[in-house]
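What follows is each chain in one-letter form.
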Amino acid sequence: MERVYLDNNATTLVDPLVKDAMDPFFTKMYGNPNSLHSFGTEVHPYMGIALDRLYSGINADDDDDIIINSCATEGNNTVIKSLYFESVLNNKKPQMITSSIEHPAVSETMEFLERLGAEIKILPVNSEGIIDPDELRKAIDPDRTTLVSIIWANNETGLINPVKEYGEICRENGVKLHLDAVQAIGKIPVDMKDVLADYITFSAHKFHGPKGIGALYVRKGSGIVPLLHGGEQMAGLRAGTVNVPYMVGMGQALDLAVKNLDFEATEVRRLRDKLEDAILEIDDVEVIGRRELRTPNTILASFKGMEGEAFLWDLNQNGVAASTGSACSSESLESNPTFVAMNIGADLAHTGMRFSLSRYTTEDEIDYAIDVIRNAVKRIRGISSTKNKEYI
Ligand code: C6P
(Lines give C-alpha, C1' and ligand atoms only; values in the text may rest on other atoms or scores of the structure.)
Protein backbone atom coordinates (compact mmCIF):
# COMPACT_ATOMS: atom_id res chain seq x y z
CA MET A 1 0.00 0.00 0.00
CA GLU A 2 1.64 3.23 -1.11
CA ARG A 3 -0.64 6.01 0.05
CA VAL A 4 -4.16 6.26 1.46
CA TYR A 5 -6.07 9.48 1.01
CA LEU A 6 -8.39 10.20 3.95
CA ASP A 7 -8.74 13.96 3.51
CA ASN A 8 -11.71 14.11 1.16
CA ASN A 9 -13.31 16.99 3.07
CA ALA A 10 -10.34 19.10 1.94
CA THR A 11 -10.68 18.06 -1.70
CA THR A 12 -11.39 14.97 -3.82
CA LEU A 13 -9.90 13.35 -6.89
CA VAL A 14 -11.55 14.31 -10.17
CA ASP A 15 -13.77 11.46 -11.36
CA PRO A 16 -12.32 10.18 -14.69
CA LEU A 17 -15.76 10.63 -16.31
CA VAL A 18 -15.68 14.29 -15.25
CA LYS A 19 -12.22 14.70 -16.73
CA ASP A 20 -13.40 13.15 -20.02
CA ALA A 21 -16.43 15.46 -20.13
CA MET A 22 -14.22 18.53 -19.66
CA ASP A 23 -11.53 17.53 -22.12
CA PRO A 24 -12.99 18.77 -25.46
CA PHE A 25 -13.47 22.27 -24.04
CA PHE A 26 -9.74 22.98 -23.70
CA THR A 27 -8.46 22.48 -27.22
CA LYS A 28 -11.45 21.84 -29.51
CA MET A 29 -14.45 23.84 -28.30
CA TYR A 30 -12.64 26.73 -26.68
CA GLY A 31 -14.69 29.70 -27.93
CA ASN A 32 -16.04 32.33 -25.55
CA PRO A 33 -19.64 31.23 -24.94
CA ASN A 34 -20.78 34.84 -25.33
CA SER A 35 -19.19 35.26 -28.78
CA LEU A 36 -21.58 35.33 -31.72
CA HIS A 37 -19.41 33.32 -34.14
CA SER A 38 -19.54 29.55 -34.42
CA PHE A 39 -16.69 29.01 -31.95
CA GLY A 40 -18.87 30.65 -29.31
CA THR A 41 -22.28 29.38 -30.35
CA GLU A 42 -21.14 25.75 -30.48
CA VAL A 43 -20.08 25.98 -26.83
CA HIS A 44 -23.15 27.74 -25.49
CA PRO A 45 -25.52 24.72 -25.39
CA TYR A 46 -23.10 22.82 -23.13
CA MET A 47 -23.49 25.52 -20.50
CA GLY A 48 -27.23 24.86 -20.62
CA ILE A 49 -26.69 21.12 -20.17
CA ALA A 50 -24.35 21.74 -17.22
CA LEU A 51 -26.85 24.13 -15.62
CA ASP A 52 -29.70 21.62 -16.06
CA ARG A 53 -27.60 19.06 -14.21
CA LEU A 54 -26.99 21.50 -11.37
CA TYR A 55 -30.69 22.42 -11.14
CA SER A 56 -31.73 18.80 -11.01
CA GLY A 57 -28.87 17.84 -8.65
CA ILE A 58 -30.22 20.17 -5.94
CA ASN A 59 -33.87 20.00 -7.09
CA ALA A 60 -34.03 23.76 -7.72
CA ASP A 61 -37.03 25.36 -9.37
CA ASP A 62 -36.59 26.61 -12.96
CA ASP A 63 -37.25 30.16 -11.75
CA ASP A 64 -34.46 30.07 -9.18
CA ASP A 65 -30.96 31.24 -10.13
CA ILE A 66 -27.71 29.30 -10.04
CA ILE A 67 -24.72 31.62 -10.41
CA ILE A 68 -21.48 29.95 -11.47
CA ASN A 69 -18.44 31.31 -9.64
CA SER A 70 -14.90 30.31 -8.68
CA CYS A 71 -15.48 28.49 -5.36
CA ALA A 72 -17.57 28.34 -2.21
CA THR A 73 -15.40 30.98 -0.56
CA GLU A 74 -16.53 33.37 -3.29
CA GLY A 75 -20.14 32.25 -2.89
CA ASN A 76 -20.09 32.77 0.89
CA ASN A 77 -18.45 36.20 0.53
CA THR A 78 -20.95 37.16 -2.16
CA VAL A 79 -24.06 36.36 -0.14
CA ILE A 80 -22.88 37.95 3.09
CA LYS A 81 -21.37 41.10 1.57
CA SER A 82 -24.28 41.45 -0.83
CA LEU A 83 -26.81 41.48 2.00
CA TYR A 84 -24.62 43.94 3.88
CA PHE A 85 -24.58 46.26 0.84
CA GLU A 86 -28.33 45.92 0.47
CA SER A 87 -28.88 47.09 4.07
CA VAL A 88 -26.45 49.95 3.66
CA LEU A 89 -28.14 51.00 0.39
CA ASN A 90 -31.43 51.07 2.34
CA ASN A 91 -29.88 53.08 5.20
CA LYS A 92 -30.28 50.18 7.63
CA LYS A 93 -27.67 48.93 10.10
CA PRO A 94 -27.15 45.29 9.10
CA GLN A 95 -27.64 42.64 11.75
CA MET A 96 -26.50 39.14 10.85
CA ILE A 97 -26.72 35.84 12.70
CA THR A 98 -24.18 33.08 12.27
CA SER A 99 -22.74 30.23 14.34
CA SER A 100 -19.56 29.39 16.22
CA ILE A 101 -18.74 26.46 13.89
CA GLU A 102 -18.60 28.16 10.51
CA HIS A 103 -15.85 27.78 7.93
CA PRO A 104 -13.55 30.86 7.87
CA ALA A 105 -15.09 31.85 4.51
CA VAL A 106 -18.16 32.77 6.57
CA SER A 107 -16.73 33.62 10.01
CA GLU A 108 -13.94 35.88 8.73
CA THR A 109 -16.31 37.64 6.32
CA MET A 110 -18.64 38.31 9.25
CA GLU A 111 -15.73 39.62 11.35
CA PHE A 112 -14.77 41.96 8.54
CA LEU A 113 -18.31 43.33 8.26
CA GLU A 114 -18.40 43.81 12.04
CA ARG A 115 -15.43 46.14 11.64
CA LEU A 116 -17.46 48.05 9.05
CA GLY A 117 -20.31 48.49 11.56
CA ALA A 118 -22.55 45.43 11.12
CA GLU A 119 -23.94 43.76 14.22
CA ILE A 120 -23.04 40.06 14.24
CA LYS A 121 -24.67 37.55 16.59
CA ILE A 122 -22.92 34.19 16.98
CA LEU A 123 -25.00 31.16 17.98
CA PRO A 124 -23.33 28.53 20.17
CA VAL A 125 -23.56 24.80 19.54
CA ASN A 126 -25.43 22.50 21.93
CA SER A 127 -23.87 19.48 23.66
CA GLU A 128 -24.37 17.45 20.44
CA GLY A 129 -22.40 19.98 18.36
CA ILE A 130 -25.56 21.20 16.61
CA ILE A 131 -27.09 24.68 16.42
CA ASP A 132 -30.36 24.41 18.23
CA PRO A 133 -33.29 25.84 16.20
CA ASP A 134 -34.68 27.38 19.40
CA GLU A 135 -31.48 29.41 19.81
CA LEU A 136 -31.96 30.69 16.26
CA ARG A 137 -35.61 31.53 16.93
CA LYS A 138 -34.60 33.52 20.04
CA ALA A 139 -31.79 35.38 18.25
CA ILE A 140 -33.88 36.60 15.27
CA ASP A 141 -35.27 40.11 15.46
CA PRO A 142 -37.71 40.26 12.51
CA ASP A 143 -37.33 44.05 12.30
CA ARG A 144 -33.56 44.06 12.30
CA THR A 145 -32.08 40.74 11.19
CA THR A 146 -30.77 40.97 7.63
CA LEU A 147 -29.36 37.46 7.16
CA VAL A 148 -28.88 34.14 8.91
CA SER A 149 -25.84 32.17 7.66
CA ILE A 150 -25.30 28.66 9.03
CA ILE A 151 -23.23 25.72 7.85
CA TRP A 152 -25.33 22.77 6.56
CA ALA A 153 -22.82 20.02 7.45
CA ASN A 154 -19.68 20.93 9.38
CA ASN A 155 -16.41 20.32 7.56
CA GLU A 156 -14.52 19.12 10.65
CA THR A 157 -17.08 16.94 12.45
CA GLY A 158 -19.48 16.15 9.59
CA LEU A 159 -22.34 17.04 11.95
CA ILE A 160 -25.49 17.90 10.00
CA ASN A 161 -27.56 20.84 11.21
CA PRO A 162 -31.39 20.78 11.17
CA VAL A 163 -31.55 23.10 8.16
CA LYS A 164 -35.18 22.34 7.31
CA GLU A 165 -36.20 23.81 10.66
CA TYR A 166 -33.97 26.85 10.14
CA GLY A 167 -35.69 27.41 6.79
CA GLU A 168 -39.13 27.36 8.41
CA ILE A 169 -38.08 29.68 11.25
CA CYS A 170 -36.50 32.19 8.85
CA ARG A 171 -39.54 32.05 6.53
CA GLU A 172 -41.95 32.66 9.47
CA ASN A 173 -39.91 35.72 10.46
CA GLY A 174 -39.31 37.07 6.95
CA VAL A 175 -35.53 36.73 7.35
CA LYS A 176 -33.19 35.49 4.62
CA LEU A 177 -31.27 32.25 5.16
CA HIS A 178 -27.93 31.25 3.64
CA LEU A 179 -26.58 27.70 4.06
CA ASP A 180 -22.98 26.81 3.37
CA ALA A 181 -23.71 23.45 1.69
CA VAL A 182 -20.12 22.59 0.71
CA GLN A 183 -19.89 19.46 2.84
CA ALA A 184 -23.51 18.39 2.37
CA ILE A 185 -23.58 18.15 -1.43
CA GLY A 186 -22.63 14.71 -2.70
CA LYS A 187 -22.82 13.22 0.79
CA ILE A 188 -26.48 13.64 1.72
CA PRO A 189 -29.55 14.69 -0.33
CA VAL A 190 -29.78 18.43 -0.95
CA ASP A 191 -33.28 19.36 -2.05
CA MET A 192 -34.13 23.03 -2.43
CA LYS A 193 -37.86 22.32 -2.64
CA ASP A 194 -37.66 20.73 0.81
CA VAL A 195 -35.26 23.14 2.54
CA LEU A 196 -36.45 26.74 2.41
CA ALA A 197 -33.07 28.47 2.21
CA ASP A 198 -32.71 31.60 0.10
CA TYR A 199 -29.09 30.91 -0.78
CA ILE A 200 -26.77 27.92 -0.77
CA THR A 201 -23.11 27.74 -1.75
CA PHE A 202 -20.97 24.85 -2.94
CA SER A 203 -17.67 23.93 -4.62
CA ALA A 204 -17.21 21.23 -7.29
CA HIS A 205 -13.93 19.88 -5.91
CA LYS A 206 -15.66 18.47 -2.83
CA PHE A 207 -17.67 16.03 -4.96
CA HIS A 208 -15.09 14.77 -7.49
CA GLY A 209 -15.27 17.81 -9.74
CA PRO A 210 -12.42 20.21 -10.57
CA LYS A 211 -11.00 22.86 -8.22
CA GLY A 212 -11.65 26.53 -8.95
CA ILE A 213 -15.35 26.32 -9.77
CA GLY A 214 -18.41 26.60 -7.56
CA ALA A 215 -21.98 27.80 -7.54
CA LEU A 216 -24.33 30.04 -5.62
CA TYR A 217 -28.00 29.10 -5.59
CA VAL A 218 -30.40 32.06 -5.24
CA ARG A 219 -34.09 31.36 -4.69
CA LYS A 220 -36.49 33.30 -6.91
CA GLY A 221 -37.26 36.66 -5.32
CA SER A 222 -34.39 36.53 -2.80
CA GLY A 223 -32.10 38.67 -4.97
CA ILE A 224 -28.40 39.35 -4.79
CA VAL A 225 -26.28 42.48 -5.20
CA PRO A 226 -23.39 41.53 -7.52
CA LEU A 227 -19.86 41.88 -6.18
CA LEU A 228 -18.24 41.65 -9.60
CA HIS A 229 -19.37 44.29 -12.08
CA GLY A 230 -18.24 44.56 -15.68
CA GLY A 231 -20.18 42.12 -17.83
CA GLU A 232 -23.57 40.59 -18.50
CA GLN A 233 -22.53 37.01 -17.72
CA MET A 234 -24.73 35.15 -15.23
CA ALA A 235 -27.53 37.62 -15.98
CA GLY A 236 -25.29 40.44 -14.75
CA LEU A 237 -25.03 38.87 -11.29
CA ARG A 238 -21.40 37.78 -11.64
CA ALA A 239 -19.36 39.40 -14.40
CA GLY A 240 -16.45 37.57 -16.00
CA THR A 241 -16.01 35.02 -18.79
CA VAL A 242 -17.51 31.73 -17.70
CA ASN A 243 -15.11 28.84 -17.16
CA VAL A 244 -16.91 26.46 -19.53
CA PRO A 245 -14.74 23.33 -19.14
CA TYR A 246 -14.99 23.49 -15.37
CA MET A 247 -18.69 24.30 -15.46
CA VAL A 248 -19.25 21.22 -17.63
CA GLY A 249 -17.14 19.24 -15.16
CA MET A 250 -19.15 20.50 -12.18
CA GLY A 251 -22.43 19.52 -13.88
CA GLN A 252 -21.13 16.03 -14.64
CA ALA A 253 -19.68 15.67 -11.13
CA LEU A 254 -22.96 16.62 -9.45
CA ASP A 255 -24.88 14.21 -11.67
CA LEU A 256 -22.54 11.38 -10.63
CA ALA A 257 -22.57 12.45 -6.98
CA VAL A 258 -26.37 12.33 -6.83
CA LYS A 259 -26.39 8.90 -8.51
CA ASN A 260 -23.93 7.73 -5.84
CA LEU A 261 -25.83 9.02 -2.80
CA ASP A 262 -27.09 5.54 -1.88
CA PHE A 263 -23.53 4.24 -2.12
CA GLU A 264 -22.41 7.04 0.23
CA ALA A 265 -25.16 6.17 2.69
CA THR A 266 -24.32 2.45 2.70
CA GLU A 267 -20.80 1.52 1.53
CA VAL A 268 -18.93 4.73 2.41
CA ARG A 269 -20.72 4.73 5.78
CA ARG A 270 -19.81 1.07 6.38
CA LEU A 271 -16.10 1.74 5.79
CA ARG A 272 -16.25 4.91 7.88
CA ASP A 273 -17.87 2.96 10.73
CA LYS A 274 -15.24 0.23 10.46
CA LEU A 275 -12.47 2.82 10.79
CA GLU A 276 -14.32 4.57 13.61
CA ASP A 277 -14.83 1.34 15.59
CA ALA A 278 -11.11 0.61 15.32
CA ILE A 279 -10.16 4.14 16.39
CA LEU A 280 -12.49 3.89 19.39
CA GLU A 281 -10.67 0.75 20.57
CA ILE A 282 -7.58 2.91 21.20
CA ASP A 283 -7.34 4.20 24.81
CA ASP A 284 -8.33 7.80 25.54
CA VAL A 285 -9.91 8.53 22.20
CA GLU A 286 -13.29 10.12 21.68
CA VAL A 287 -15.14 10.72 18.42
CA ILE A 288 -17.01 14.01 18.18
CA GLY A 289 -20.72 13.75 17.45
CA ARG A 290 -23.12 10.82 17.19
CA ARG A 291 -22.74 8.80 13.96
CA GLU A 292 -26.40 9.17 12.98
CA LEU A 293 -26.02 12.97 13.06
CA ARG A 294 -22.98 13.03 10.75
CA THR A 295 -22.28 12.87 7.03
CA PRO A 296 -21.44 9.25 6.18
CA ASN A 297 -17.78 9.90 5.34
CA THR A 298 -16.43 11.93 8.28
CA ILE A 299 -14.75 11.22 11.63
CA LEU A 300 -13.26 13.87 13.91
CA ALA A 301 -11.51 12.04 16.73
CA SER A 302 -9.97 13.56 19.82
CA PHE A 303 -6.74 11.80 20.85
CA LYS A 304 -5.70 12.62 24.39
CA GLY A 305 -2.03 13.32 25.04
CA MET A 306 -1.06 13.46 21.37
CA GLU A 307 0.75 16.31 19.71
CA GLY A 308 -1.01 17.23 16.45
CA GLU A 309 2.00 17.97 14.30
CA ALA A 310 3.84 14.80 15.32
CA PHE A 311 0.72 12.68 14.78
CA LEU A 312 0.06 14.12 11.32
CA TRP A 313 3.72 13.73 10.37
CA ASP A 314 3.81 10.09 11.51
CA LEU A 315 0.62 9.25 9.58
CA ASN A 316 1.99 10.96 6.50
CA GLN A 317 5.36 9.18 6.77
CA ASN A 318 3.43 5.92 6.66
CA GLY A 319 1.30 6.93 3.73
CA VAL A 320 -1.94 8.05 5.41
CA ALA A 321 -3.23 11.53 4.58
CA ALA A 322 -5.53 12.97 7.26
CA SER A 323 -5.97 16.44 8.68
CA THR A 324 -6.04 18.16 12.07
CA GLY A 325 -8.92 20.32 10.90
CA SER A 326 -9.83 22.22 7.80
CA ALA A 327 -7.10 22.55 5.18
CA CYS A 328 -7.24 26.35 5.20
CA SER A 329 -6.40 26.62 8.92
CA SER A 330 -3.81 23.84 8.81
CA GLU A 331 -0.90 26.19 9.38
CA SER A 332 -2.02 26.64 12.99
CA LEU A 333 -1.84 22.91 13.65
CA GLU A 334 -2.88 23.07 17.29
CA SER A 335 -5.96 25.26 17.02
CA ASN A 336 -9.07 23.38 16.14
CA PRO A 337 -12.13 25.66 15.79
CA THR A 338 -14.54 22.81 16.51
CA PHE A 339 -12.79 21.96 19.78
CA VAL A 340 -12.91 25.60 20.79
CA ALA A 341 -16.61 25.90 19.89
CA MET A 342 -17.46 22.64 21.67
CA ASN A 343 -15.15 23.32 24.60
CA ILE A 344 -13.31 20.01 24.17
CA GLY A 345 -9.95 19.34 25.76
CA ALA A 346 -9.49 22.88 27.04
CA ASP A 347 -7.57 21.60 30.08
CA LEU A 348 -5.76 18.59 28.60
CA ALA A 349 -3.63 18.17 25.50
CA HIS A 350 -6.06 16.84 22.90
CA THR A 351 -5.49 16.59 19.19
CA GLY A 352 -8.38 16.48 16.81
CA MET A 353 -7.68 14.35 13.75
CA ARG A 354 -10.12 14.35 10.84
CA PHE A 355 -10.45 11.30 8.62
CA SER A 356 -12.72 11.79 5.62
CA LEU A 357 -13.50 9.07 3.08
CA SER A 358 -14.95 9.15 -0.42
CA ARG A 359 -16.62 6.71 -2.79
CA TYR A 360 -13.11 5.86 -4.00
CA THR A 361 -11.90 4.68 -0.57
CA THR A 362 -11.42 0.90 -0.50
CA GLU A 363 -11.64 -1.67 2.30
CA ASP A 364 -7.92 -2.51 1.90
CA GLU A 365 -7.09 1.15 2.39
CA ILE A 366 -9.16 1.30 5.58
CA ASP A 367 -7.48 -1.85 6.94
CA TYR A 368 -4.08 -0.37 6.18
CA ALA A 369 -5.01 3.01 7.74
CA ILE A 370 -6.20 1.28 10.94
CA ASP A 371 -2.77 -0.32 11.40
CA VAL A 372 -0.95 2.94 10.67
CA ILE A 373 -3.10 4.93 13.13
CA ARG A 374 -2.68 2.34 15.93
CA ASN A 375 1.10 2.27 15.47
CA ALA A 376 1.38 6.07 15.27
CA VAL A 377 -0.51 6.46 18.57
CA LYS A 378 1.71 3.84 20.27
CA ARG A 379 4.89 5.51 19.02
CA ILE A 380 3.89 9.07 19.90
CA ARG A 381 2.44 8.25 23.31
CA GLY A 382 5.59 6.21 23.99
CA ILE A 383 7.79 9.21 23.19
CA SER A 384 5.70 11.63 25.29
CA SER A 385 5.65 9.31 28.31
CA THR A 386 9.47 9.02 28.13
CA LYS A 387 9.69 12.82 27.95
CA ASN A 388 7.41 13.15 30.98
CA LYS A 389 9.61 10.73 32.97
CA GLU A 390 12.65 12.82 32.10
CA TYR A 391 10.92 15.87 33.61
CA ILE A 392 10.20 13.92 36.84
N1 C6P B 1 -13.05 23.29 3.38
C2 C6P B 1 -11.53 21.75 4.51
O3 C6P B 1 -10.43 21.18 4.61
P4 C6P B 1 -13.37 26.50 -1.29
O5 C6P B 1 -11.99 26.37 -0.76
O6 C6P B 1 -13.73 27.91 -1.53
O7 C6P B 1 -13.68 25.58 -2.39
O8 C6P B 1 -14.32 25.97 -0.08
C9 C6P B 1 -14.35 26.67 1.12
C10 C6P B 1 -15.21 25.97 2.12
C11 C6P B 1 -16.38 26.58 2.52
N12 C6P B 1 -17.22 25.98 3.38
C13 C6P B 1 -16.95 24.77 3.90
C14 C6P B 1 -17.92 24.13 4.84
C15 C6P B 1 -15.77 24.10 3.55
O16 C6P B 1 -15.53 22.89 4.04
C17 C6P B 1 -14.88 24.72 2.65
C18 C6P B 1 -13.57 24.07 2.33
C19 C6P B 1 -11.83 22.53 3.25
O20 C6P B 1 -12.39 21.66 5.37
C21 C6P B 1 -10.67 23.37 2.84
S22 C6P B 1 -10.38 24.70 3.94
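Our focus in this paragraph is the packing of helix H4 (residues 44–57) against helix H9 (residues 244–259). Contact pair H4 / H9: the axes reach a minimum separation of 8 Å and the direction vectors enclose 35°. Along this stretch, H4 crosses H9, giving a crossing that reads as left-handed. Seen from H4, the contacting residues are Tyr 46, Met 47, Ala 50, Leu 51, Arg 53, Leu 54 and Gly 57; seen from H9, they are Val 244, Met 247, Val 248, Met 250, Gly 251, Gln 252, Leu 254, Asp 255 and Val 258. Per-class residue counts for the contact of H4 with H9 are eleven nonpolar, three polar and two charged.

What surrounds the ligand is a group of 19 residues, the closest being Thr 73, Asp 180, Ser 203, Ala 327 and Cys 328. One nitrogen or oxygen atom from the side chain of Lys 206 is found 3.0 Å from a nitrogen atom belonging to the ligand. About the coverage of the ligand: the protein hides 92% of its 510 Å² of free accessible area. Considered class by class, the residues forming the shell around the ligand number seven nonpolar, nine polar and three charged. Lining the shell around the ligand are residues from two domains, each supplying at least three of them: domain 1 (4–11 + 261–391) and domain 2 (16–259).

Once the domains are mapped, the chain shows domain 1 (4–11 + 261–391) and domain 2 (16–259). One C-alpha centre belongs to domain 1, the other to domain 2; they are set 29 Å apart. Across the contact, 27 residues belong to domain 1 and 31 residues belong to domain 2. For the pair domain 1 and domain 2, the summed buried area comes to about 2,500 Å², and 54% of that belongs to carbon and sulfur atoms. Linking domain 1 with domain 2 are one salt bridge. Across the pair Glu 128 and Arg 290 runs a salt bridge whose closest N-O atoms are separated by 2.6 Å. Taken together, the links from domain 1 to domain 2 amount to 13 residue pairs in polar contact (both at pLDDT 80 or more). Per-element tally for the side of domain 1 that touches domain 2: the top contributor is helix H12 (residues 337–342), with four residues.

Conventions used here
- Residues numbered from 1 in each chain as written.
- Predicted model: local features only at pLDDT ≥ 70, side-chain atom pairs only at ≥ 80, totals over all residues.
- Heavy atoms only, no water.
- Axes fitted to C-alpha atoms, helices over the stretch in contact; angles between N-to-C directions.
- Helix = DSSP H or I, 4+ residues; strand = E, 2+ residues; numbered from the N terminus.
- Left-handed = near helix turned anticlockwise from the far one by under 90°.
- Contact = heavy atoms within 4.5 Å.
- Nonpolar A, V, L, I, M, F, W, Y, C, P; charged D, E, K, R; others polar.
- Near = heavy atom within 4 Å.
- Polar contact = N/O pair within 3.5 Å; in protein donor to acceptor, adjacent residues only side chain to side chain.
- Areas by Shrake-Rupley, 256 points an atom, 1.4 Å probe, with all protein chains shown as cover.
- Domains from an automatic or database assignment.
- Buried area = accessible area lost by both parts, 1.4 Å probe.
- Salt bridge = Lys/Arg side-chain N within 4 Å of Asp/Glu carboxyl O.

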